[in-house]
Every structure is written in C-alpha cells, then in structure tokens.
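# Overview (structure and organization)
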Protein chains: 2
Amino acid sequence: MRVVYSPLHLGHELRLQTIMGVQVPADEVAGRAERIRAALEADGGFEIVEPTQHGEAPITAVHDPGLLAFLRDAWPAARRAGHRHDFLVPETIASVLAYEGMSDAFRREPPSIGGRAGYRALDTSTPIVAGTYAAARAAVDAALTATDLVLGGEPAAYGLCRPPGHHAARSMYGGFCYFNNAAIAAQAIAERTGEHVSILDVDYHHGNGTEQIFWRRGDVLYVSLHAHPDRQYPYFLGWPEETGEGPGVGANLNIPLPAGLSNEGYLEALDRGLDRIAAEPGSVMVVSLGFDTFGQDPIGDFALTTDVYHEVGRRSAAVGKRLVVLQEGGYHLPSLGDNARAWLRGAEGRPYDPQPAAGYTPGGTRA
Amino acid sequence: MRVVYSPLHLGHELRLQTIMGVQVPADEVAGRAERIRAALEADGGFEIVEPTQHGEAPITAVHDPGLLAFLRDAWPAARRAGHRHDFLVPETIASVLAYEGMSDAFRREPPSIGGRAGYRALDTSTPIVAGTYAAARAAVDAALTATDLVLGGEPAAYGLCRPPGHHAARSMYGGFCYFNNAAIAAQAIAERTGEHVSILDVDYHHGNGTEQIFWRRGDVLYVSLHAHPDRQYPYFLGWPEETGEGPGVGANLNIPLPAGLSNEGYLEALDRGLDRIAAEPGSVMVVSLGFDTFGQDPIGDFALTTDVYHEVGRRSAAVGKRLVVLQEGGYHLPSLGDNARAWLRGAEGRPYDPQPAAGYTPGGTRA
C-alpha cells in the first residue's frame, strides 16, 4: 500500500496544550507521525510517497473560505499584533449562548486576531504556531493524494495526515484539527465519481466536524464509533439521536461506546457500523483512523489491543469498497507504529507480523 | 451613602486565571473588594451594611434556571467526578460554529460537568472554585439590597459586588462574571416600579451579558461606554450597530472608545450616554461601575485619572434619577479605594478629598 507523507508536519511543532485551563505537555506531537512512518518503512510492505499539491478549491468545497483565510493569516497577524507567546490560543470563544435571542446577523467574525481566533475555535487545546498552516495544508494534500491513488485504481491508500481533521467543522477549527482531511477527501470522491461516499470514523472521539459538514447531505454517509459524549470530548455532539436533517436524514450514524470497552465489544459495534456502510451505494469508503482507542492511550479509556486493529482493518476492507485511510488521533507513542502496521496489513489481507517498536510490548505494559 | 458588602466574596478565592492558553496570576482577586471597603470605611462618609437574602426568584427573572442550577452544582459535581484541579475551567466551549446548519434542538446542555461548563462558559478565564456560588449569590443579594435602599427612598446606594456581573448572559457565565448583578437589579426595579429603567455601564469592557438579556426589551435601556471590541474582550459584541431588536429597537446604545482615551474624551462620550438616559422615562438608573478605565489598570488601555471618576459620578447623579451603583471591574489594586471614593462622593455632590491608599499617588506613578 502507498503511504502519503509530508515532512511539512514537522513545522507544526507543539510542546504545550491548554486543557481545562492548565498548560500540559502536548499530546498531538510530531513524533506521532514519525513513529508511524518509521514503522511502515521498516515493515518493507509499504511505499512512502509525497503528496502533490491540490490547491484551495477542494478545501473550500467543504470549508468556509473564511476559515482558510483565518488559518493562513493567523500566525503572521498575531506576530504583527505583538502577540507575546509562541502559540496563538483564543482568549474567549464565541459561545452559542452569548447570542441567545439575537439574530444571526450579529454573529460575525470580529477583525482582531484574538477575536477571529475565538470566533473560529472550539477550545483552547488547538494552538496555532508558525508552521501550523503549512502542515495543515500538507495534511489536506496527503488526503487528496491518497484519494487520487484510490480513484486511479488502487484498492487502498493511506494518508499519514498530521494534524488530524475530523473535529474541524465547516467554519471552525478545534480538537487538534484545522482542516477536515476526511471531509475534503469524501467531497472530492463524491464530485469525481458521482457516487455516494461512506465515511467510517474509528477515532476514539466523535468527529463532530465531519458530522456537521455533511449533516444535510444524503450522498455522504457518516458512521462513527466513539467514546460517549456524556463523558468525553467533544461533549456537545456524538449522540445517537443525531441522524441528520433534510436530505441528510438517515445518513449519520453515531455509535457511542462505554469506558473500558474490550476488543469484542468494539468489533460488535464495528459490525453494526459496517453493515450500515455495506448497505450504502458507492465504491469508496473513507476511514478516519485513530489509535486513541488503544488500551494505553493517555487520552482514551477503551481497552483495545494491537491485535484488534488488524481485525478492524480486515473487516473494513471486507465490505468490498476501496479504502482511503486517513490518520486522525492516537497518542501513545510507543504503540502507534505497530498499531498502524496491524490495521493497514489487515486492510490488505496480509497477516499481522508483530514487529514491536523499541521499548514496547504489544498488548502488554511498557518495557 | 450606604455600601452593601458581604464577606462571602472571600470564598471566591482566585489565584490563577487562564488567558490565551496560559495560566497567569488572577486579576479578579478578593483584595479588590477589600481595598474598596477599607477606603470607604476610612472615609467616614459611608455606612457599610450587609445584604439581605433575596432568594432565587430575582435571579431566574433574567437568567435561565439552568445557569443557576449549573453554578450551584458545578463544584460539588466536579469533586464527585474526580476533577483534579482546585478550579473548574471547561475543556471545550460550545462554539456557535460547531452547530452551523443544525437545528437548535441539537444545541443542548450535555450531562457531564466538563460538558456543562463548556456549554455555559464564554472563556477559560472565569474559574469556578469551592466558594464561587456562595459569593456570586451574595453579590446578587448586595445588588438587590442596594436596590431596596433606593426604592425605599434613598437617592443612591452602592453594592460592592464581587464577583462582577455584566458579562453574564441569560444562560451563560464568563468574563469573571457568574450572575448579572446589574441586570437582576434592573429587572427588580422594572417589576417594582412599573417604570422604564436605564443602565449606564462605565466598566472598561462592554457588558455583553446585560445587552443580551435586555436585547428585545424596550423598558430597559442599556448604555455602555467601553473599549472598542475591535481590539478588546468580549470581541463579539459591543459594536455601535447593536441597537436592539423587536420591542428593544433603540434601547441599546454602545459607545466604543479608542485606546489611550483621555479624561476629556471620556467625559464627552459620557455626556452622549447620559443625554440618551436623560431622555428615557423612569426615575432609577443602575450604574455598572468599573475602574479598569483607570490609566494604570493592568487590563485596560484608557488614560483616566482619579479626578475624572469624581466628575463621572457628579454628572451621572445630575441626570436626576436615583442611582443603584454596582461594582463591576477594575484591577489596579492600589487605586481602587480612592477611585471608588471619588466616584461615590461625586454622585453625592460631596467634594473629592484625596486620601490616597498607602503606596499610591493619585494620577501619578506607583510609589
């Protein structure tokens, strides 16, 4: 399988993130993508290729052009405004309740960089740094290059996207995400094939952005397995009663899952999601692939082991659609490479040959 | 003049606040109210009284009962949920753009404490600590007791409210504010007099909460002088074109002001606001009084000196309405007591007799 990777993600260098008011070491670090790249290179069964540039049009096909403009301008504008930190995080966020009873006309992007960041942000845990925009654009290009490979005839391709994308909504960034790589890929597939497209989101978190973008679309099916928002980020979306509206009714399936979930419980939920996707027309499936479902992930609370990723990859491919697999979250660095190898080999129908990264025993404790 | 003060504010003990992703020493500290109380006691011309309890009904007359329930439950619920910090700040905020294109039915308060905080918060700079709810309730009672004094015949009374209130909207807290003391007082005045009520907001920041609460009301006039939201918190509201909707059209006057504003420029803007209030029927004016307009305030960027507060108080009283004066912001501790004395003496028509707090020279530099 081809793996689309760009070194531009290295410029999106995060050291700290602000969670519940406190700066803590960042989870969404460059080492994540580097671990996966190194493991796939060492495997020998994958070919690493660079993305080709696809321009802005596929981005603004799903995103507000204002989000693109904001992300492009944010860092230089913060610098010009004398911003003191080496990352930009908003001071306040345009809360839905701030405008209660006021017409939509009063919900506007203000001109200052602090105001713009707060208008478009979901949280304070998604800093913008000097290299964020270039990395986010490269992640989109990786997703679109993987899409090109699959639409060109390959049964599957993997975009090693960093930063991830599924929390980014039409006009908003957040949850470590800036552009929604999976939504951009799905839209490109819909446009170029004229078919329906299915998205399977197996990141630990609900992909609120993907849901929102395709909420009123009947031609893009979104199926997500995730930690129940009654306990976990993004809190506000991801409930089972969110099934779409208008032409999108029935094209959104949320499967929220409990803490401590086992491999068996996960595979049962997966089969439910894949049954829905198998019933959907269209020859291509986009996978939002997260490994924060792993038992040792520092953010997640599921109990999955590396073995299950091989099986998830196998069952996903067995639906019979071609796969555009795009990396989302996963924060336990020692296991990431092995988990990615297991998933992608499963999708290819190859056996999973454990080749643990240094210092890590699959399914066991840290060495 | 009577000064309504409750020691319960001391339980709202803030040491750190999170601004633009970084924890910094808190600005909205207990010493603010203590400095003002001490200065007014030393003055000799003020009588300190405790608030009487007014219950929940005056609060839910302007606030969503869900906000009251949240603020009451938040700290115990966070403790039960195993929250690790000694303050509660949300992980993510229900951004208006997160729901773009989705029906209002999907904008709901989630059950977890983290989700609830994020549903009702505007920012991460307004922590909830063990004593926040009791302090916020006591601040409301101080505002309502000052209201009682004025409706009982006194020409003016001062509620030394802490925490402040004017950023709190119908269903939302933020900007160091939990309940909107001024809005609760104005509503009580409207109910008990049957008259129109005017609110003059001379805090440095726009009172987005007060504006939102009375947005569609023609019987409560809101007039605010504040730093232009094109550069300053709350960023999203405070623009001059926000004049109210429905029955509230014309009952909202925003006067945004530039950085470096002098006493003269401020008094010109004040006269514009007071002219509008003088034209409004009703015998009572609520004043949201902030001293973050002071030249040395660590948050503000105006250049006002202590002298001007005496004049602002004098001109506000000269409109001829009785005054319910309620404390909002102001963060330069050494000047707070003197600035409050100057303002309140001006409102009483008494001369301003400089009696600087230790270590502080009015209008000059720090000693």
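Structural data are supplied above this passage.
As a starting point, this report considers the structure included with it. (Residues numbered from 1 in each chain as written. Chains lettered and ligands numbered in written order. Predicted model: local features only at pLDDT ≥ 70, side-chain atom pairs only at ≥ 80, totals over all residues. Heavy atoms only, no water.)

### Observations concerning the interface of chain A and chain B
Interface size is often expressed as the accessible area that is lost when the parts come together. Selection rule: Residue contacts are counted whenever heavy atoms from the two residues lie within 4.5 Å of one another. Accessible surface is computed with a 1.4 Å probe, and the buried area is the amount of it that two parts give up when combined, taken over both parts together. Each helix is a run of DSSP H or I of at least 4 residues and each strand a run of E of at least 2, with the numbering of both proceeding from the N terminus. Three categories are distinguished: nonpolar for Ala, Val, Leu, Ile, Met, Phe, Trp, Tyr, Cys and Pro, charged for Asp, Glu, Lys and Arg, and polar for the others, with Gly belonging to the last.
The interface of chain A with chain B comprises 59 residues on the first partner and 59 residues on the second. When the two sides are added together, the surface that chain A and chain B hide from each other amounts to roughly 5,600 Å², 61% of it contributed by carbon and sulfur. Ranking the residues of chain A by area buried against chain B places M20(A), E91(A) and F236(A) at the top, with a combined share of 16%. Broken down by secondary-structure element, the contributors of at least two residues to the side of chain A that touches chain B are β2 (16-19), β3 (22-25), α4 (113-120) and α7 (208-213) of chain A. Sort the elements by how many residues they give to the side of chain A that touches chain B and α4(A) lands first, with 5 residues. Classifying every residue of the side of chain A that touches chain B by side-chain character gives 29 nonpolar, 16 polar and 14 charged.

### What to know about the sheet that holds strand β6 (residues 197-201) of chain B
Residue and element names in this part refer to chain B. To be explicit about the condition: For two strands to count as paired, DSSP must find a minimum of two bridges between them. Geometry is summarised by axes, namely lines fitted to C-alpha atoms with helices restricted to the contacting stretch, and by angles between N-to-C directions that run from 0 to 180 degrees.
One open sheet holds the 8 strands; their spatial order is β4-β1-β5-β10-β9-β6-β7-β8, and the pairing between them is parallel. Each edge of the open sheet carries a strand with a single partner, namely β4 (47-49) and β8 (252-257). For this sheet, the mean angle separating the axes of adjacent strands, direction not counted, is 20°. For β6 and strand β7 (residues 220-227), the ladder comprises 5 bridges, and the chain directions are parallel. Bridging across to β7, S198 finds its partner in L221.

### What about the packing of aromatic side chains?
Residues and elements named next belong to chain B. Inclusion rule: Aromatic rings from Phe, Tyr and Trp, with only the six-membered ring used for Trp, were paired whenever their centres fell within 6.5 Å, and each pair was classed as stacked if the ring planes differed by under 30 degrees, edge-to-face if by over 60, and tilted otherwise. The buried label goes to any residue with under 20% of its type's maximum accessible area, the exposed label to any with over 50%, and the partly exposed label to all in between, with areas taken from a 1.4 Å probe on protein chains only.
Taken as a whole and assessed by the stated rule, the structure comprises 22 aromatic pairs over all chains. Ring centres of F70 and Y173 lie 5.6 Å apart, and the angle between their planes is 25°; on these two criteria the pair is classed as stacked. Of this pair, F70 sits in helix α3 (residues 65-80) while Y173 sits in the loop between β5 (156-159) and α6 (181-193), and the two are 103 residues apart along the sequence. The pair formed by F70 and Y173 is uniform in burial state, with each residue classed as buried.

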